[in-house]
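Below are the chains, spelled out letter by letter.
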Amino acid sequence: MHDFGIPEMFFLLQGLKWTVLLTAISFVGGGIIGLAIALARVSRVAIIRRAAATYIALFQGTPLLMQLFVIYYGLALMQFSIDAWLAVSIAYTAHASAFLGDIWRGTIQSLPAGQTEASNALAIGYVSRMRDVILPQALKISLPATIGFAVQLTKGTSLAAIVGFVELARAGQIVSNLLLQPLLVYGIVGVIYFFVCWPMSIFGSAMEKKMSLGR
Amino acid sequence: MLDFSVVVNRWQDLVYGVGSTLALSCAGIVLALCIGLLGAALQRSSRLIFLVPVRIFVEVIRNTPFLVQIFFLFFALPFIGVRMDPTMTAVIALAINGGAYSIEIIRGGVESIPRGQIEAGAALGLSQFQILGDIVMVPALRAIYPALTSQFILLTLTSSVCSSISANELTHYAQRIESETFRSFEVYFTITGLYLVISWLMMTTLSMLGRRLFSYPNQ
């Protein structure tokens, strides 16, 4: 049995690479779909609004681990021969889209109704109203919450370890089983996660403080 | 293709699983609330000996994944002589995780109480204890009750991760049914529905409780 050394650290950092990549993919993908969800959630058509609300409620009312399992095994059941990588990315993208959609729904609705009324009075169409008037303001207000969710998502990708995807947490599990030094290995894994998430948290709360002063 | 009968046949296991998840979460929530109140009270102190450890605790827990926390508690602590069974570890992990978030939420509520209100209490000759209870805590808890509620529902949903150390809860039962029937999708689809019911029930119960506890006029 040997000690924790350079090769083990390298293996963990390899895992970190997949953690970051998985987070980035699902954040970007979830952001694009989430924007559509947010817009659907504030749509004028009741049925679209309700569909978006149901989508959000389903993801907010169930454990992330179950979302992962259902999408992972559901895709397998539909005879899609896709690899674990893609399945996990799809699951996290769907998860992120619901949460980002709800965050942005909240900030869109927090804008004064006068903005929409003024746009209508100026005969600004839907696309331009959203693109030029509502969304720039709404997304700016939502930044602290959006960054907060990015932290949650980074931590959440650790659950991919349970379906066998080798990211940081799973890499830690493998190294720990190999060296029989869980105290050290999980400690290091925790420290790595901390130094990825903490700067984001600080940035988010600093931004929140700055914004609350501006009001 | 889909065959839910294998899941339906095991309904007793599912009922038992739902019960254990509720028990596990309730224990976690009560302890988390205790940690939250204690931590928030310590944070009001101006002494660094109290302030710094609470800050470090909150930041470390909030910036590391629950899975790593529970692995650390379950696999690492036995090496320094602390050995607990999986379900006990799960309760403690949930309490620690939920506690860190509760400290932040309660702190926010306490800070929202204007200083003048506390000074007015002191001017009226109320004791420190009365000020903390009636003037700070009750209005603060009223203000943060919704945030605390969703945090505790999140804790209940997070408890599914405790299956990774085979603690006694719903997802663990699901994994057992899955390993005997190989009906992964059907099992997890059903379980997901059960979690949805659990979180809806909790939301309804907690908001009803909130209306009873915090509606004006109190007492």
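Computed from a predicted model, the values in this text were never measured in an experiment. (Residues numbered from 1 in each chain as written. Chains lettered and ligands numbered in written order. Predicted model: local features only at pLDDT ≥ 70, side-chain atom pairs only at ≥ 80, totals over all residues.)

1. Some words on the overall build of chain B
Within chain B, the regular secondary structure consists of nine helices and zero strands. Along chain B, from the amino end to the carboxyl end, the secondary structure elements read α-α-α-α-α-α-α-α-α. Counting only C-alpha atoms, chain B reaches 70 × 45 × 20 Å along its principal axes. Out of the 219 residues in chain B, the part that is buried amounts to 40%. Across chain B, every contact between residues at least 6 apart in sequence was considered, and the portion connecting residues at least 24 apart equals 80%. (Helix = DSSP H or I, 4+ residues; strand = E, 2+ residues; numbered from the N terminus. Buried ≥ 20, exposed ≤ 12 C-beta atoms within 10 Å, placed from the backbone. Contact = placed C-beta atoms within 7 Å.)

2. Looking at the overall build of chain A
Within chain A, the regular secondary structure consists of eight helices and zero strands. Taken along its principal axes, the extent of the C-alpha atoms in chain A is 75 × 50 × 25 Å. A separation of at least 24 residues holds for 74% of the contacts in chain A among residues at least 6 apart in sequence.

3. Some details on helix H7 (residues 168-179) of chain A
All names here are of chain A. Helix length check: H7 (twelve residues) gives 16 Å between terminal C-alpha atoms against 16 Å at 1.5 Å per residue, within 8%. Listing the buried residues of H7 in full gives Leu168, Ala169, Arg170, Ala171, Gly172, Gln173, Val175 and Ser176. Downstream of H7 by a residue or two, Leu180 has a phi angle that is positive, lying close to 55 degrees. (Expected span 1.5 Å × (residues − 1).)

4. Digging into the interface of chain B and chain A
Facing 30 residues of chain B, the contacting portion of chain A comprises 28 residues. At the level of elements, helix H3 (48-62), helix H4 (66-76), helix H7 (128-158) and helix H9 (184-214) of chain B are the ones that each hand at least two residues to the side of chain B that touches chain A. It is H9 of chain B that provides the largest number of residues to the side of chain B that touches chain A, a total of ten residues. Taken together, the residues of the side of chain B that touches chain A break down into 19 nonpolar, nine polar and two charged. (Nonpolar A, V, L, I, M, F, W, Y, C, P; charged D, E, K, R; others polar.)

5. Considering helix H5 (residues 113-121) of chain A
The element H5 of chain A is barely covered by neighbouring structure, given that only zero of its nine residues are classed as buried. Positioned one or two residues after H5 of chain A, Ala123 of chain A has a phi angle of 60 degrees, which is positive.

6. As for the packing of helix H2 (residues 46-60) of chain A against helix H4 (residues 84-110) of chain A
Residue and element names in this part refer to chain A. Where H2 contacts H4, the two axes come as close as 9 Å, and the packing angle between them is 115 degrees. Of the two possible hands of crossing, H2 and H4 adopt the one that is left-handed. Residues Ala52, Tyr55, Ile56, Phe59 and Gln60 of H2 form the contact with H4, whose own contacting residues are His95, Ala98, Phe99, Gly101 and Asp102. The residue inventory of the contact of H2 with H4, partitioned by class, reads six nonpolar, three polar and one charged. (Axes fitted to C-alpha atoms, helices over the stretch in contact; angles between N-to-C directions. Left-handed = near helix turned anticlockwise from the far one by under 90°.)

7. Some details on the UniProt feature "transmembrane region" (unreviewed entry) in chain A
Residues and elements named next belong to chain A. UniProt tags residues 20-40, 52-75 and 183-206 as "transmembrane region" (unreviewed entry). With 100% helix and 0% strand, the stretch residues 20-40 has end C-alpha atoms that lie 29 Å from each other. Within the segment residues 52-75, helix and strand shares are 88% and 0% respectively, and the terminal C-alpha atoms sit 22 Å apart. (UniProt positions renumbered as here; feature names shortened; annotations may be inferred.)

8. What about the UniProt feature "domain: ABC transmembrane type-1" (unreviewed entry) in chain B?
UniProt records the feature "domain: ABC transmembrane type-1" (unreviewed entry) for residues 18-207 of chain B in the present numbering. For residues 18-207 of chain B, helix accounts for 81% and strand for 0%, while the C-alpha atoms at its two ends are 21 Å apart.

9. What to know about the UniProt feature "transmembrane region" (unreviewed entry) in chain B
Residue and element names in this part refer to chain B. This chain's UniProt record puts "transmembrane region" (unreviewed entry) on residues 20-42, 63-82, 143-167 and 187-209. Regarding residues 143-167, the helix share stands at 64% and the strand share at 0%, and the terminal C-alpha atoms are separated by 34 Å. Taken end to end, residues 187-209 has its terminal C-alpha atoms 33 Å apart, with 100% of it in helix and 0% in strand.

10. Comments concerning the nonpolar core
Grouped together as the largest cluster of nonpolar side chains are 99 residues, with contacts concentrated most on Leu68, Leu159 and Val189 of chain A together with Leu67, Ile70 and Tyr188 of chain B. Residues in contact with Leu67 of chain B, not counting those within four places in the same chain, are Ser158, Leu159, Ala161 and Ala169 of chain A together with Val161 and Ser164 of chain B. (Core = buried A, V, L, I, M, F, W, Y, C linked by C-beta atoms within 7 Å.)

11. Considerations on the packing of helix H8 (residues 170-181) of chain B against H9 of chain B
Residues and elements named next belong to chain B. Close contact between H8 and H9 brings their axes to 9 Å; oriented N to C, the two are set at 160 degrees. Judged on the interaxial angle alone, H9 and H8 are roughly antiparallel. The two elements H8 and H9 meet at a crossing, and its hand is right-handed. Of H9, the residues touching H8 (which contributes Leu170, Thr171, Ala174, Ile177 and Glu178) are Ser184, Val187, Tyr188, Ile191 and Leu194. Here the residues of the contact of H8 with H9 sort into seven nonpolar, two polar and one charged. (Parallel < 35°, antiparallel > 145°, perpendicular 65-115°, else oblique.)

12. Quick word on unusual backbone geometry
In the Ramachandran plot, Ala123 of chain A falls in the positive-phi region, its phi being about 60 degrees despite a non-glycine side chain. If you trace the backbone, Ala123 of chain A turns up in the loop between H5 and helix H6 (126-156). One non-glycine residue, Phe182 of chain B, lies in positive phi territory at about 60 degrees. If you trace the backbone, Phe182 of chain B turns up in the loop between H8 and H9.

13. Brief notes about the environment of Ile80 of chain B
Residues and elements named next belong to chain B. Its location among the elements puts Ile80 in the loop between H4 and helix H5 (86-111). What makes Ile80 exposed here is the crowd of 8 C-beta atoms within 10 Å. The spacing of Ile80 and Arg55 is 25 residues in sequence and 25 Å in space, taken between C-alpha atoms.

14. Remarks on the confidence of the model for chain B
A residue-level look at chain B finds 98% of positions with pLDDT of 70 or above and a mean pLDDT of 90. Predicted complex metrics record ipTM = 0.91 and pTM = 0.91. (pLDDT = per-residue confidence, 0-100.)

15. Structural notes on the confidence of the model for chain A
Overall, the predicted model of chain A reaches an average pLDDT of 92, with 97% of residues at or above 70. Between the elements of chain A, mean pLDDT differs from a low of 89, seen in H5 of chain A, to a high of 96, seen in H2 of chain A.

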